[in-house]
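Remarks on the overall topology
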Number of protein chains: 2
Amino acid sequence: MRIPFEQMKSEIKRVMIKAGLTEKQASMCAKVHAESSRDGVYSHGLNRVSRFIDYVGRGWVDIKAIPTLVKSCGCMENYDGNMGIGILNAKFAINRAMELAKENNIGVVSLRNTTHWMRGGTYAWDAANDGFLSVCWTNTESCMPAWGSKVPCVGNNPFCIGVPRKEGNIVLDMAMSQYSYGKLQVTRLNGDQLPYDGGFDEEGNLTTDPGLIEESKRILPTGFWKGSGFAILLDLVAAVLSNGKPTSEIDKVGKGGGGGSSQIFIAINPNTFSSEEEINRILESTISQLGSAVPTKEGGKVYYPGERTAKTREDSDRNGIIVDETVWNEICNL
Amino acid sequence: MRIPFEQMKSEIKRVMIKAGLTEKQASMCAKVHAESSRDGVYSHGLNRVSRFIDYVGRGWVDIKAIPTLVKSCGCMENYDGNMGIGILNAKFAINRAMELAKENNIGVVSLRNTTHWMRGGTYAWDAANDGFLSVCWTNTESCMPAWGSKVPCVGNNPFCIGVPRKEGNIVLDMAMSQYSYGKLQVTRLNGDQLPYDGGFDEEGNLTTDPGLIEESKRILPTGFWKGSGFAILLDLVAAVLSNGKPTSEIDKVGKGGGGGSSQIFIAINPNTFSSEEEINRILESTISQLGSAVPTKEGGKVYYPGERTAKTREDSDRNGIIVDETVWNEICNL
């Protein structure tokens, strides 16, 4: 089933207003959720709306709260998100980072006590669309065993980097788990196996069986020990720079990660040391090397990060956004 | 065979002076190589010295060159490494980043046209020892297929993050390939298999056989598509911010990556927004959560990044640094 972008956005907006958000809040949040689905990040698009509404109802997200400045130090600023709406807090933070970068070439905003920012790539795409290099990440509650452990004790801490490019932004949006729980669920419901090992079963064997991983909760860090270590460092730097909670403290509060995440938003002027022509040369030389690399399968193609997202977006804009009919009906009945 | 730190350092220093380095240059480089071996990063310690000497002889490293300031913008500075000694250029850059961070809370130094920095972790450990948060990375020549390709077309682009901590710094030092070629070689020579898949064989099957991967040159990116994408973004951001060469342009020059790498060094004052007590709370809460997580094997332990390095260092300091006798004799005869 396919739904046009504007229809999805207005339906989500309606539901959010009903949940108590102001017209402006609802409009901004609905846009981000619809954009996520449009770009193929279904898990954090339409599919995530009902959980957000549920959290608002439980008081785990404070729709009245806005970010407050804690301290400003030149090109760096620290905000408290006051457990407000994650999307709006993050939008505010990346915008502030870009404002600071306009004056200083670099802007760093750290945000504490915020709620789920939904799709992390949102903010790197935003910054790229506005012409800024960006690096953003968040910590989360524990959802993955650290390497060497069999119980969840680190977050999957999504991490994004964006590079602006007129012909198509180059954007990486990766969590530190090899697959999300959403991917495991969808794969299991389809009766499929994962393309590569996604975790361990109860006996500690690597497996591509999504159901066995859901049971053991032993989801695999990206690159085994590497993604585990990277997740730990992202967590610590975010908490230290925002004076916020690390994963270990978010866990103690519980409430669906509602202990309040720590997030970092860095925006940099790409022209600080390079002209447009020089940047163009760097980017096109790389895109060209990747595009002409021998593919693994005949007729295949090597994509740069963000390229497939842009293709999905084009398809969604032309033919409507793919939605799960059950989810769509659920939203329409909220 | 084990060699005391001071003996290793002075032997490397002797060889470097013989190759034409000044006493001071030789002393600094020898220290970094010996520290790498001491910390268990054998591939970039003693084992790497003869290749460095070879590159100096070929003129691929200009031992007379020092970094020159290209442009300064507040807390950001751009240097040309002039194809000088990679270790000394990188030491200079992380020191400048820390100087800038002393004034601005954050310092960002980009370096272009530099040569191999050897062990990337060197600079994150340095910064942590001096009390700074740091993020550093380099691009490299192509040594790994991008995801979807069967030929090398991206670098393994080592990436490091360091967090200072009195009881033991927390330091991540990871390349974007799951294993290094050095690890493949050592594993093959020992007649062993890799613990987890490390690449594809010529037929495109995942394998733990190091020899088959060396033949196919299809080494696996960390986390499959994720490490591939991360490597591409690290490359682009480093090249754009340093106005230097991306991997695709380094490849065109050849000469063992001698086209000149692009590197980024970021140092941040951890106390910008958090007091010592607050940082202590954040770090110890996390270390404690990791340390008490149920291990995969009975009697096992979950380590934080840098913890095992510190253990190896202690062992080396007490019992001497483990060296391959052939390599040691080779250096002694240089």
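Quick caveat, the model's predicted, so the values are computed rather than measured. (Residues numbered from 1 in each chain as written. Chains lettered and ligands numbered in written order. Predicted model: local features only at pLDDT ≥ 70, side-chain atom pairs only at ≥ 80, totals over all residues. Heavy atoms only, no water.)

A few words now on empty space enclosed by the protein. Throughout the structure, instances matching the rule amount to six cavities of 30 Å³ or more. Lining the largest cavity are 27 residues, with Val-135 and Ile-266 of chain A together with Val-135, Trp-137 and Ile-266 of chain B positioned closest to its centre. For the lining of the largest cavity, the per-class residue count stands at 26 nonpolar, one polar and no charged. (1 Å grid on protein atoms, 1.4 Å probe; cavity = no way out; pocket = protein on both sides within 12 Å on 5 of 7 lines; lining within 4 Å. Points joined across faces, edges and corners; volume = space filled by probe spheres on them. Nonpolar A, V, L, I, M, F, W, Y, C, P; charged D, E, K, R; others polar.)

A few words on the packing of helix α1 (residues 5-18) of chain A against helix α2 (residues 23-38) of chain A. Residue and element names in this part refer to chain A. Running from N to C, α1 and α2 point in directions that differ by 135 degrees, and their axes come no closer than 8 Å. Between α1 and α2, the crossing angle belongs to the class labelled oblique. Where α1 crosses over α2, the two elements pack in a sense that is right-handed. Each of Phe-5, Met-8, Lys-9, Ile-12, Lys-13, Met-16 and Ile-17 in α1 lies in contact with α2, whose residues at this interface are Glu-23, Ala-26, Ser-27, Cys-29, Ala-30, Lys-31, His-33, Ala-34, Glu-35, Ser-37 and Arg-38. Broken down by class, the residue content of the contact of α1 with α2 amounts to nine nonpolar, three polar and six charged. (Axes fitted to C-alpha atoms, helices over the stretch in contact; angles between N-to-C directions. Helix = DSSP H or I, 4+ residues; strand = E, 2+ residues; numbered from the N terminus. Parallel < 35°, antiparallel > 145°, perpendicular 65-115°, else oblique. Left-handed = near helix turned anticlockwise from the far one by under 90°. Contact = heavy atoms within 4.5 Å.)

For the rest of this paragraph, the subject is the pairing of strand β9 (residues 170-174) of chain A. All names here are of chain A. With four of its five residues buried, β9 lies for the most part within the structure. Bridge analysis of strand β8 (residues 159-163) against β9 gives five bridges, and the strand direction is antiparallel. Note that in β9 the partner of Gly-162 across the bridge is Val-171. If you look at the hairpin formed by β8 and β9, you'll find six residues sitting between the two strands, and Gly-168 has a positive phi there, around 145 degrees. (Buried < 20%, exposed > 50% of the residue type's maximum accessible area, 1.4 Å probe, protein only. Pairing = 2+ DSSP bridges.)

This part is about the interface of chain A and chain B. Size of an interface, as often reported, equals the accessible area lost when the parts are brought together. At the interface, 78 residues of chain A touch 78 residues of chain B. Taking both sides of the interface into account, the surface hidden between chain A and chain B amounts to around 6900 Å²; carbon and sulfur atoms contribute 71%. Put simply, chain A and chain B have two salt bridges between them. At the junction of chain A and chain B, the tally comes to 33 residue pairs in polar contact (both at pLDDT 80 or more). (Buried area = accessible area lost by both parts, 1.4 Å probe. Salt bridge = Lys/Arg side-chain N within 4 Å of Asp/Glu carboxyl O. Polar contact = N/O pair within 3.5 Å; in protein donor to acceptor, adjacent residues only side chain to side chain.)

Time to look at α2 of chain A. Residues and elements named next belong to chain A. The end-to-end C-alpha separation of α2 is 22 Å, in line with the 22 Å expected for 16 residues at 1.5 Å each. Buried residues of α2: Gln-25, Ala-26, Cys-29, Ala-30, Val-32, His-33, Ala-34, Glu-35, Ser-36, Ser-37 and Arg-38, and no others. The inward-facing, buried residues of α2 contact α1, α3 (49-58), α4 (86-104), α5 (121-129), α11 (307-319) and β13 (321-322). Looking one or two places after α2, you find Gly-40, whose phi comes out positive at around 95 degrees. (Expected span 1.5 Å × (residues − 1).)

Residue and element names in this part refer to chain B. In this structure, strand β2 (residues 68-73) lies alongside strand β3 (residues 76-80), joined through five bridges in antiparallel fashion. Paired with Leu-69 across the strands is Tyr-79, a residue of β3. Here β2 folds back onto β3, and the loop between the two strands holds two residues, one of which, Gly-74, carries a positive phi near 65 degrees.

Mapping Pro-145 of chain B onto the fold places it in strand β6 (residues 144-145). Non-local contacts of Pro-145 of chain B, meaning those with residues more than four positions away in its chain, are made with Lys-150, Val-151, Pro-152, Cys-153, Val-154, Lys-217, Arg-218, Ile-219 and Pro-221 of chain B.

Attention now moves to the sheet that holds strand β12 (residues 261-268) of chain A. Residue and element names in this part refer to chain A. Sheet architecture is open: seven strands sit in the order β2-β3-β4-β12-β5-β8-β9, paired in mixed fashion. Edge positions in the sheet fall to β2 (68-73) and β9, since each has one partner strand and no second. In this sheet, neighbouring strand axes are inclined to one another by 10 degrees on average, regardless of whether the strands run parallel or antiparallel. Relative to β12, strand β5 (residues 133-138) is paired through six bridges, and the arrangement is antiparallel. Across the sheet, residue Leu-133 finds its bridge partner in β12, namely Ile-268. Along the sheet, α4 contacts β3 (76-80), β4 (106-114), β5 and β12; its crossing angle with β4, the most-contacted strand, is approximately 160 degrees.

What follows concerns the packing of aromatic side chains. Tallied over the full model, the rule gives 33 aromatic pairs over all chains. Seen in terms of ring centroids, Phe-230 of chain A and Phe-230 of chain B are 5.4 Å apart; in terms of plane orientation they differ by 10 degrees. Their pairing is stacked. Within this pair, whereas Phe-230 of chain A is found in helix α8 (residues 225-242), its partner Phe-230 of chain B is found in helix α8 (residues 225-242), the two belonging to separate chains. The exposure class of Phe-230 of chain A is buried, given its relative accessible area of 1%. Over the ring of Trp-125 of chain A we find Arg-313 of chain A, and its NZ or CZ is 4.3 Å from the ring centre. (Phe/Tyr/Trp six-rings, centres within 6.5 Å; stacked < 30°, edge-to-face > 60°. Lys NZ or Arg CZ within 6 Å of the ring centre and 35° of its normal.)

What follows is about the environment of Ile-85 of chain B. Residues and elements named next belong to chain B. In this structure, Ile-85 sits in the loop between β3 and α4 (86-104). A C-alpha to C-alpha distance of 9.3 Å links Ile-85 and Phe-52, two positions 33 residues apart in sequence. Contacts of Ile-85, omitting those with residues within four sequence positions, involve Leu-21, Gln-25, Cys-29, Phe-52, Val-61, Asp-62, Ile-63 and Thr-115.

The next subject is helix α12 (residues 325-332) of chain B. Residue and element names in this part refer to chain B. Listing the buried residues of α12 in full gives Val-327, Trp-328 and Ile-331. The arc that holds the buried residues of α12, viewed along the axis, is 100 degrees, so those residues lie on one side. Along its buried surface, α12 packs onto β1 (2-3), α1 (5-18) and α3 (49-58). Measuring from the side-chain oxygen of the N-cap residue of α12 to the backbone nitrogen of Thr-326 gives 2.9 Å; that N-cap residue is Asp-324. (Arc of directions from axis to C-beta.)

Moving on: the relation of the copies chain A and chain B. With an RMSD of 0.0 Å, the operation that places chain A on chain B is a rotation of 180 degrees combined with a shift of 0.0 Å along the axis. Between the two chains, the operation in question is that of a two-fold axis. Rotation axis and chain A: the residue whose C-alpha lies nearest the axis is Gly-223 of chain A, separated from it by 2.0 Å. In this assembly the copies share their binding face: 100% of the residues contributing to the interface of chain A also contribute to that of chain B. (Least-squares fit on C-alpha atoms with pLDDT ≥ 70 in both.)

Moving on: unusual backbone geometry. The bulk of non-glycine residues show a negative phi, and the bulk of peptide bonds are trans. Positive phi outside glycine occurs at Phe-224 of chain A, with the angle close to 55 degrees. As for its position among the elements, Phe-224 of chain A is in the loop between α7 (210-216) and α8. One non-glycine residue, Asn-243 of chain B, lies in the positive phi region at around 50 degrees. Summarising the element assignment, Asn-243 of chain B is placed in the loop between α8 and α9 (247-253).

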